[in-house]
Amino acid sequence: MEALIKFVEDEFVTKKDFPEFGAGDTITVYYEIREGEKTRTQFFRGVVIQVKGTGSTKTFTIRKMSGTIGVERIFPLNMPALQKIEVNKKGSVRRARIFYFRGLTGKKARIKEKRS
């Protein structure tokens, strides 16, 4: 059954070329917003908290600080409104899901940049 689902996803779901990213990376997501008749591009820049799922059901969660309030947004990777993803910084973290990042403030909320 799983092989059949994978076959259908590969055949019929359109793939976009996005860069590889993981938890701890700072990325900018550009997506299209439709307001009535008009469409405009908006971006959301923040730290990736988790990447979840496989294939066409893959999603990722981004967290940013808007003033003193933390804002999180979940994006499906196959969302038609996604235009592009830019990786701004590669972060060095030890976990695949950094939920502890929600509780950190100030200097503790910094993520070390991965040495290349």
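Per an unreviewed UniProt entry, the chain goes by Large ribosomal subunit protein bL19 and derives from Aequorivita marisscotiae. The UniProt entry for the chain carries this comment under Function (unreviewed entry): "This protein is located at the 30S-50S ribosomal subunit interface and may play a role in the structure and function of the aminoacyl-tRNA binding site." Database annotation for the chain, UniProt heading Sequence similarities (unreviewed entry): "Belongs to the bacterial ribosomal protein bL19 family."

Draft legend 1. Representation of the side chain of Thr26 within the structure. Structurally, the position occupied by Thr26 is in strand 1 (residues 26-35). Ignoring sequence-local partners within four residues, the contact set of Thr26 consists of Arg45, Gly46, Val47, Glu86, Val87, Asn88 and Lys89.

Draft legend 2. Broad picture of the pattern of salt bridges. Going through the model one piece at a time under the given rule, you end up with five salt bridges. A salt bridge links Arg63 to Glu72; the nearest nitrogen and oxygen atoms lie 3.0 Å apart. Salt-bridge contacts for Lys84 lead to Glu86; the nearest nitrogen and oxygen are separated by 3.4 Å. Owing to a relative accessible area of 41%, Lys84 belongs among the partly exposed residues under this scheme. Among the charged side chains, a salt-bridge network with shared partners connects Arg63, Glu72 and Arg102.

Draft legend 3. Looking closely at the packing of aromatic side chains. According to the stated counting rule, one finds five aromatic pairs in the structure shown. With a centroid separation of 5.4 Å and an interplanar angle of 55°, the aromatic rings of Tyr31 and Phe75 are classed as tilted. Taken as a pair, Tyr31 in strand 1 and Phe75 in strand 4 (residues 69-76) lie far apart in primary sequence, 44 residues in all. Per residue, the accessibility class of Tyr31 equals that of Phe75, and both read buried. Each ring, one from Phe60 and one from Phe75, has its centre 5.6 Å from the other, and the planes form 25°; the classification is stacked. Taken as a pair, Phe60 in strand 3 (residues 59-66) and Phe75 in strand 4 lie far apart in primary sequence, 15 residues in all. You'll find Phe60 and Phe75 in the same group, each marked buried. Geometry around Tyr31 places Arg73 over its ring, the cationic atom sitting 4.6 Å from the centre. The positively charged end of Lys84 is found above the aromatic ring belonging to Tyr30, 4.9 Å away from the centroid.

What counts, and at which threshold
- Residues numbered from 1 in each chain as written.
- Predicted model: local features only at pLDDT ≥ 70, side-chain atom pairs only at ≥ 80, totals over all residues.
- Heavy atoms only, no water.
- UniProt positions renumbered as here; feature names shortened; annotations may be inferred.
- Helix = DSSP H or I, 4+ residues; strand = E, 2+ residues; numbered from the N terminus.
- Contact = heavy atoms within 4.5 Å.
- Salt bridge = Lys/Arg side-chain N within 4 Å of Asp/Glu carboxyl O.
- Buried < 20%, exposed > 50% of the residue type's maximum accessible area, 1.4 Å probe, protein only.
- Phe/Tyr/Trp six-rings, centres within 6.5 Å; stacked < 30°, edge-to-face > 60°.
- Lys NZ or Arg CZ within 6 Å of the ring centre and 35° of its normal.

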